[in-house]
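# Geometric and topological summary
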Amino acid sequence: MEVKVLKDILSANNQIAEQNRRLLASKKIMAVNLMSSPGAGKTTLILRTVEALQGRARIGVIEGDVSSSIDAEKLSQAGVTAIQINTGGGCHLDASMVNSALANLLLDDIDILFIENVGNLICPSGFDLGEHLKVVILSTPEGDDKPHKYPMLFANADALVINKTDLLAHVNFDLDGFKSTFKGVNQRAALFAVSGVSGEGIREWAAWIMEKLASVRSGK
Amino acid sequence: MHEMAVTMSLLDLVLKEATRAGASRVVAVNVVLGEMTGIVDHCVQTNFELMSRNTPAEGAVLSFRNVPKQARCRKCAHVFQPTGICWTCPKCQSAELEIIAGNELYVESIEVE
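What you are looking at is a predicted structure, and each value in this text was computed from that prediction instead of being measured.

## Examining the overall build of chain B
Counting its regular elements, chain B contains two helices and six strands. Taken from the N to the C terminus, the helices and strands of chain B come in the order α-β-α-β-β-β-β-β. Taking 13 Å as the expected radius of gyration for a compact globule of 113 residues, we find that chain B reaches 18 Å, considerably beyond that expectation. The proportion of buried residues among the 113 residues of chain B is 34%.

Next comes the structure, spelled out in structure tokens:
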């Protein structure tokens, strides 16, 4: 006997993601899923953003790594509320991991929640966490051909942050060419070129985050 | 590597649907898999064989309908399959594209007894 199913394989994950979204909405929190290769600068971008938004927004972080709590400690030392998830080998975060982490955070003290995904350009893209924004970070030493090699991640991003612009003179990365090829796979994403080291571009990025927070809160 | 998580969700979904249909055994599973998901079907196949042991889905034959990525040009509406590292419309050379197929990841049907 044939049974029609027509259901998304990840529907169980998507349902928990929906619960997360509702919980975050009830606490007026904007969640940002940060995805990149290992070492592209996710933690550094969070630190710079915290500095830029000092006194304007309270930031919490869920740190996803295969193992260790190095990143959460780095953030805690800087005074940021951070909670570490170790996936124990898993290559991405899923909605239930985020759900457990949310239960251990003081949500009333957070305006913006950064969810730092496991460093990986493939696996995180398929898993909805209940976030409002998907942000991809690409650092210049990784090369300007990545959007075509990992199209799903780039095509679904709400923003792309090109990090390590301070290294542009030393690496083979055509910034203008990259911007146009990226726009080829993703028209709607906001684009930022930043340096976590020199601070270039951080103000523009932080302003965009505040704009998004305002629109999430006004329900737009 | 996330094929493991995907296969686990697939198996859960298949077993739930089989129970709902009052079936005792799953004979076949038909999956639709878009190219953009990056999921490798033979990994899912191997994982499924291992994970379904001692469940009503043990021995079920998995069939994959692979959906290639497809884009629509926002300028001239031409529909085509982007290839290579430069995704531009073969008709008008515009790079303003919308991906209209290739993100699929669902179970179309199952065959049960």
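## Thoughts on the overall build of chain A
The secondary structure content of chain A amounts to eight helices and eight strands. The C-alpha atoms of chain A give a radius of gyration of 17 Å, which matches the 17 Å a tight globule of 220 residues would have. When the backbone C-alpha atoms are referred to their principal axes, chain A occupies close to 60 × 50 × 40 Å. Looking at chain A as a whole, 46% of its 220 residues qualify as buried. The long-range fraction of contacts in chain A, counting pairs at least 24 apart against all pairs at least 6 apart in sequence, stands at 76%.

## Structural notes on the environment of His92(A)
You can see His92(A) is positioned in the loop between β4 (81-86) and α4 (95-103). On a C-alpha basis, the gap between His92(A) and Ala206(A) in space is 26 Å, while along the polypeptide they are 114 residues apart. Ignoring any residue separated from it by four or fewer positions in sequence, one finds His92(A) in contact with Asn117(A), Val118(A), Asn120(A), Cys123(A), Pro124(A), Phe127(A) and His2(B).

## Notes on the pairing of strand β1 (residues 26-34) of chain B
All names here are of chain B. In this structure, β1 lies alongside strand β6 (residues 105-112), joined through seven bridges in antiparallel fashion. Paired with Val31 across the bridge in β6 is Val107. Judged from the seven bridges that link them, β1 and strand β2 (residues 61-67) form a sheet pairing that is parallel. Looking at β2, one finds that Gly34 is bridged to Val67.

## Some words on unusual backbone geometry
Residues and elements named next belong to chain A. Residues other than glycine seldom take positive phi values, yet Ser68 does so here, at roughly 80 degrees. Assignment of secondary structure puts Ser68 in the loop between β3 (59-65) and α3 (70-77). The backbone of Lys164 sits at a positive phi, close to 65 degrees, despite the residue not being glycine. For Lys164, a count of 25 C-beta atoms within 10 Å puts it in the buried group.

## Re the sheet that holds β6(B)
Strands sit in the order β1(A)-β6(B)-β1(B)-β2(B) across an open sheet of four strands; the sheet is mixed. A single partner strand is all that each edge strand has here, and the edge strands are β1 (2-8) of chain A together with β2 of chain B. Each adjacent strand pair in this sheet contributes to an overall mean axis angle of 15 degrees, direction not counted. Along the sheet, helix α1 (residues 3-20) of chain B contacts β1 of chain A together with β1 and β6 of chain B; its crossing angle with β6(B), the most-contacted strand, is approximately 40 degrees. Each of β1 and β2 of chain B is contacted by helix α2 (residues 41-51) of chain B, which is oriented at about 160 degrees to β2(B), the strand it contacts most.

## Digging into the nonpolar core
Membership of the largest hydrophobic core comes to 88 residues, with the highest contact counts inside it found for Ile115(A), Val161(A) and Val14(B). In terms of residue count, α1(B) provides more of this core than any other element does, seven residues in total. Aside from chain neighbours lying at most four places away, what touches Ile115(A) is Ala31(A), Val32(A), Asn33(A), Leu34(A), Ile62(A), Leu93(A), Val98(A), Leu129(A) and Glu131(A).

## Side note on the packing of α1(B) against α2(B)
Two numbers describe a pair of packed helices, the interaxial angle and the distance between the axes. All names here are of chain B. Close contact between α1 and α2 brings their axes to 9 Å; oriented N to C, the two are set at 55 degrees. Looking at the two axes, α1 sits oblique to α2. Considering how the two elements wind past one another, α1 and α2 form a crossing that is right-handed. Residue-level contacts link Glu3, Met4, Val6, Thr7, Met8, Leu10 and Leu11 of α1 to Cys43, Val44, Asn47, Phe48 and Met51 of α2. Tallied by class, the residues present in the contact of α1 with α2 amount to nine nonpolar, two polar and one charged.

Conventions and cut-offs
- Residues numbered from 1 in each chain as written.
- Chains lettered and ligands numbered in written order.
- Predicted model: local features only at pLDDT ≥ 70, side-chain atom pairs only at ≥ 80, totals over all residues.
- Helix = DSSP H or I, 4+ residues; strand = E, 2+ residues; numbered from the N terminus.
- Rg over C-alpha atoms; globule rule 2.2 N^0.38 Å.
- Buried ≥ 20, exposed ≤ 12 C-beta atoms within 10 Å, placed from the backbone.
- Contact = placed C-beta atoms within 7 Å.
- Pairing = 2+ DSSP bridges.
- Axes fitted to C-alpha atoms, helices over the stretch in contact; angles between N-to-C directions.
- Core = buried A, V, L, I, M, F, W, Y, C linked by C-beta atoms within 7 Å.
- Parallel < 35°, antiparallel > 145°, perpendicular 65-115°, else oblique.
- Left-handed = near helix turned anticlockwise from the far one by under 90°.
- Nonpolar A, V, L, I, M, F, W, Y, C, P; charged D, E, K, R; others polar.

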